[in-house]
Amino acid sequence: MTGIGSAGLSLCAALALLAAGAGTGHAREVVRLENNQYRAGTILIRNAERKLYFILDGGAAYRYPIAVGKRGKQWLGSAYIKGKYVAPAWSPPADVKRDKPFLPDVIPGGSPRNPMGPRALVLDRDQYAIHGTNRPSSIGTFASYGCIRMRNADIVDLYERVSVGDKVVVLP
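Read on for a plain summary of the structure. (Residues numbered from 1 in each chain as written. Predicted model: local features only at pLDDT ≥ 70, side-chain atom pairs only at ≥ 80, totals over all residues. Heavy atoms only, no water.)

## Details of the nonpolar core
The line we're drawing: We call a set of buried Ala, Val, Leu, Ile, Met, Phe, Trp, Tyr and Cys residues a nonpolar core when their side-chain atoms join them within 4.5 Å. Throughout, exposure labels follow a simple rule: accessible area from a 1.4 Å probe, protein chains only, divided by the maximum for the residue type, with under 20% read as buried, over 50% as exposed, and the rest as partly exposed. By definition, any uninterrupted DSSP run of H or I lasting at least four residues is a helix, any uninterrupted run of E lasting at least two residues is a strand, and each is numbered from the N terminus. In this description, contact between two residues means that some pair of their heavy atoms is separated by no more than 4.5 Å.
Judged by nonpolar contacts, the single largest core of 23 residues is most densely connected at Ile43, Ile45, Leu52, Ile130, Leu158 and Val168. Residue assignment for this core shows that the elements contributing at least two residues are β2 (43-46), β3 (51-55), β4 (60-69), β5 (77-86), β6 (119-123), β9 (148-150), α3 (152-161) and β10 (167-171). Ranked by the residues each element gives to this core, the list is headed by β4, at four residues. Excluding its chain neighbours within four sequence positions, the residues that come into contact with Val168 are Ile43, Ile45, Gly77, Ser78, Ala79, Ile81, Leu123 and Ile130.

Have a look at this one:
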């Protein structure tokens, strides 16, 4: 049996990691944050960039592309994660129902018509959440009524990293 040296093992491990990530739909990347003032575990959302940052130790962060609220539907400030949900059902808030009265009162979790995707992080502000989407083409746009949309693979990844009570900061 031929052995693999440590350099070969590192190369093999790196190639395996790249192959495992190929086609998963993750758009997350690690970036350095200049003048970072937030604790590790904080979620920072920059509406103008349409990016969500999950702060890590040492001035780094995972950066994810997102969709944010339409003009007049965005909000700014701080919130906390109030709940974490797998395959959440969705009930349209009053302003969505008013604009789209044809929507049902509840769309079950797992339905392809459910706009929440596979996971949701519900915030302690009104009816806002960070969630997946059944419209991946909306990522990178101003699309929602104030919720933060992520690619489904990315919300599953973020869901595993955060806890109830973690801080969310939304900037212009």
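What follows continues from the structure just given.
## A few points about the pairing of β3
Definition in use: Note on pairing: DSSP must find at least two bridges between two strands before they are called paired.
The buried fraction of β3 amounts to four of the five residues, a majority that puts the element mostly inside the structure. Pairing of β2 with β3, which is carried by four bridges, proceeds in the antiparallel orientation. When the bridges of β3 are listed, Ile43 appears paired with Phe54. Between β2 and β3, which follow one another and run antiparallel, lie four residues, and Arg50 among them has a positive phi close to 55°. Bridge count for β3 against β4 is five bridges, and the pairing is antiparallel. Considered in β4, the bridge of Tyr53 is made with Arg63. In this structure, the hairpin formed by β3 and β4 is closed by a connection of four residues, where Gly58 is found at a positive phi of approximately 75°.

## Re the packing of aromatic side chains
Formally: To pair, rings of Phe, Tyr and Trp, with the six-membered ring standing in for Trp, must have centres within 6.5 Å; the planes then decide the type, stacked if under 30 degrees apart, edge-to-face if over 60, and tilted in the middle. Only when the NZ atom of a Lys or the CZ atom of an Arg is both within 6 Å of the ring centre and within 35 degrees of the ring normal do we say a charge sits over the ring.
Scanning all chains against the criterion turns up one aromatic pair. The ring of Tyr62 carries the charged tip of Arg28 above its face, separated from the ring centre by 5.2 Å. Here Arg119 stacks its cationic end above the ring of Tyr159, 5.4 Å away from the centre of that ring.

## Some points on the pattern of salt bridges
Two side chains of opposite charge can pair, provided their charged atoms sit close to one another. Worth spelling out the cut-off: What makes a salt bridge here is a side-chain nitrogen of Lys or Arg within 4 Å of a carboxyl oxygen of Asp or Glu, nothing more.
Counted by the stated rule, this structure contains six salt bridges. Glu29 is the salt-bridge partner of Arg63, the closest N and O atoms lying 2.6 Å from each other. With a gap of 34 residues between them, Arg63 in strand β4 and Glu29 in strand β1 (residues 29-32) connect regions that are remote in the sequence. Among the residues examined, Arg63 registers a relative accessible area of 22% and is labelled partly exposed. The salt bridge partner of Lys97 is Asp105, with a shortest N-O separation of 3.2 Å. Owing to a relative accessible area of 23%, Lys97 belongs among the partly exposed residues under this scheme. Because the salt bridges share partners, they merge into one network encompassing Arg28, Asp157 and Arg161.

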